[in-house]
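Structure at a glance
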Amino acid sequence: MRRKGKRLADVAGLVAHAVGAKSENMSNRITPRSQDFPRWYQDVVQAGDLAENSPVRGCMVIKPHGYSLWENIRDPLDRLFKETGHQNAYFPLFIPLSFMGKEAEHVEGFAKECAVVTHHRLRAAAGGGVEVDPNSGLEEPLVVRPTSETVIGHMYAKWIQSHRDLPVLLNQWANVVRWEMRTRLFLRTAEFLWQEGHTAHATAEEAQEETLRMLDIYERVCREELAVPVLKGPKSKLETFPGADRTYCVEALMQDGKALQMATSHNLGQNFAKAFDIQFADTDGQRKHVWTTSWGLSTRTVGAVVMTHGDDNGLVLPPRIAPIQVVIVPLFKAADETAAVVGEAARIVTELPAAGWRAHLDDREHLKPGPKFYEWERKGVPVRLELGPRDLKEGKVVVVRRDDGSKAPTPAAALGEALPKLMETIQAALYERALAFREAHTTAAKDVDGFAAVLADKGGFVEAVTDGTDETELALKERTKATVRIVLEDGKDLGPCILTGKPGTRRSLFAVAY
């Protein structure tokens, strides 16, 4: 407990953001990170109006502000998918139970998380209310989609007959259900939103190229849009997706020193092709199985944005994905000042969307400026414009940055030129701050005691050499709860294994992960 407290205090010190004076009301709403990071996270999600728990245990209601944030993550991805030749499609939510058993590793990996539909009708209960009609049992139970490799494999077997049908490059935006016992908004819920890409290729080389291409797209979107620095690379065998030959991922580091897997890209080899008999006539006339891939990113990335950039006053959102990029708050005391100040604020907010900005005018008269400021801080709006009677006379607005709290009087006529530069500055500052945090929390360990001490003290990524065996990986996990996040290098003469002392054959990044 002592070391954990020290680690969280260190986190808060390194990433604290100076955002102006805190109100007592604000302090009561959001738990400080150094005090209780999980509670802080829940507070920020709720105070930022992103989501809340639903009546169904483990599920969430994504509110408009949260859904708009998800859309702003989704849309750049969708554009890049289409630019690389992919098309969107949609496959059923329900999957026949028999499909799940066709690929042995796949069903073993998901069996404990599957929700299953066994009946199709309700009836009035004798004592009132309703109950499941026992006479409405399905001939075959249906699994509520945990992922779609099986049903898509079934369809690909029908659609693909010739080499001319290849490649097939499809993506779907959908919801999935994985019956989680311990849930947390966005990070781990029984139902969540995601995209899952599924492709089929004539050769192993094409499938591997596709797997890495999509990994690069995920890294690009995390870096350019979310301002989240990520590391990319292959997983170990123990961390590989059930049914895949090789899994690759992009990993980020959160402010509490834990890793978060942002997205994955899987080379499925011919495993699903053989399970569902997906064959094609090649140019040589021979019947061959295709090579397939799958790759996905989910609403978990919303949680990553919260934990990467947020502070003790709430959300801090990168401008490129913020639902509202600029909020204008008119300031006035006397009734005769209201019309002129609000009128000018309305004029500005009308011009901003034409320049490509998502802007909002907060002209609520029943609230004083202070509560408005705190609300927009909690919601993470990157830039706040304050406009009062004196500013109006001088032809200026006060520009306030959410990320560092700095204020700059700016000529209203110069906003069109100032805002693009400011937004890029904020976007870059958030990325650089997160990158500096990750670099400060990446440590090389030479022995198992040092490995365990780093994880217990400050957390973060720990680079270590092992003998590459599953037994060593599991033993390290048992002792520290850390898992291999990325395999950095496989080879010989890498130095001794930190646990067994045997010749090291693998260098990996470990971390305790969400």
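The model shown is predicted, which means the values in this text are computed figures rather than measured ones.

What follows covers the overall build of the protein chain. When helices and strands are tallied, the protein chain shows 16 helices and 25 strands. For the protein chain, the spread of C-alpha atoms along the principal axes amounts to about 80 × 60 × 60 Å. Of the contacts formed within the protein chain by residues at least 6 apart in sequence, a portion of 69% connects residues at least 24 apart. With the model as given, the accessible surface of the protein chain reaches about 23100 Å², and the carbon-plus-sulfur share is 52%. Measuring between centres, the 66 positive side-chain charges of the protein chain sit 4 Å from its 70 negative side-chain charges.

So, on to the pairing of strand 13 (residues 259–269). Among the 11 residues in strand 13, 10 count as buried, and that is most of the element. Counted between consecutive antiparallel strands, the loop separating strand 12 (residues 246–253) from strand 13 contains 5 residues, among which G257 sits at a positive phi close to 85°. Sheet topology note: the strand 13/strand 16 (residues 291–298) ladder contains 6 bridges and is antiparallel. Bridging from a neighbouring strand, G269 pairs with T292 of strand 16.

So, about the nonpolar core. Formed by 47 residues in total, the largest nonpolar core has its most connected members in F186 and M262. Listing elements by their share of this core, those giving two or more residues are helix 3 (37–47), helix 4 (64–83), helix 8 (204–224), strand 12, strand 13, strand 16 and helix 10 (300–309). Beyond its immediate chain neighbours, meaning those up to four positions away, F186 contacts Y41, V45, L50, A51, M60, I62, T299, R300, V302 and G303. In this structure, L361, L419, Y431 and L435 belong to the second largest nonpolar core, which totals 24 residues.

Next up on the list: helix 15 (residues 448–457). Where helix 15 is concerned, the buried positions are V448, F451, A452, V454 and L455. Buried residues of helix 15, seen end-on, are gathered within an arc of 160° and therefore sit on one face of the element. Its side-chain oxygen at 3.2 Å from the backbone nitrogen of D449, D447 defines the N-terminal cap of helix 15. Following helix 15 by one or two positions, G459 adopts a phi angle in the positive range, close to 70°.

The next thing to look at is the sheet that holds strand 19 (residues 383–387). Within the open sheet, the 5 strands sit side by side as 18-17-19-20-21. Their pairing is mixed. The strands lining the two open edges of the sheet, one partner per strand, are strand 18 (359–361) and strand 21 (407–411). Geometrically, the sheet is characterised by an average inter-axis angle of 25° between neighbouring strands, direction not taken into account. Contacts from helix 14 (residues 415–440) reach strand 17 (326–330), strand 19, strand 20 (396–401) and strand 21, with the element oriented near 10° to strand 20.

The next thing to look at is empty space enclosed by the protein. One pass over the structure, following the stated rule, counts 4 cavities of 30 Å³ or more. Roughly 80 Å³ of internal volume is contained in the second largest cavity. Around the second largest cavity sit E149, I152, G153, Y156, H198, T199, L268, F272, I278, T292 and T293, which together line it. If you list the elements that add at least two residues to the lining of the second largest cavity, you get helix 7 (149–159), strand 10 (191–201) and strand 16.

Time to look at the sheet that holds strand 8 (residues 137–144). If you walk across this open sheet you meet the 3 strands as 4-8-5, and the pairing is antiparallel. Edge strands, defined here as strands with exactly one partner in the open sheet, are strand 4 (94–96) and strand 5 (115–119). Strand after strand, the sheet turns through a mean of 40° between neighbouring axes, direction not considered. Relative to strand 8, strand 4 is paired through 3 bridges, and the arrangement is antiparallel. Paired with P96 across the bridge in strand 8 is L142.

Thresholds applied
Residues numbered from 1 in each chain as written. Predicted model: local features only at pLDDT ≥ 70, side-chain atom pairs only at ≥ 80, totals over all residues. Heavy atoms only, no water. Helix = DSSP H or I, 4+ residues; strand = E, 2+ residues; numbered from the N terminus. Contact = heavy atoms within 4.5 Å. Areas by Shrake-Rupley, 256 points an atom, 1.4 Å probe, with all protein chains shown as cover. Lys, Arg positive; Asp, Glu negative; His and termini not counted. Charge placed at Lys NZ, Arg CZ, Asp CG, Glu CD. Buried < 20%, exposed > 50% of the residue type's maximum accessible area, 1.4 Å probe, protein only. Pairing = 2+ DSSP bridges. Core = buried A, V, L, I, M, F, W, Y, C linked by side-chain atoms within 4.5 Å. Arc of directions from axis to C-beta. Polar contact = N/O pair within 3.5 Å; in protein donor to acceptor, adjacent residues only side chain to side chain. Axes fitted to C-alpha atoms, helices over the stretch in contact; angles between N-to-C directions. 1 Å grid on protein atoms, 1.4 Å probe; cavity = no way out; pocket = protein on both sides within 12 Å on 5 of 7 lines; lining within 4 Å. Points joined across faces, edges and corners; volume = space filled by probe spheres on them.

Geometric values such as these leave the question of function open.
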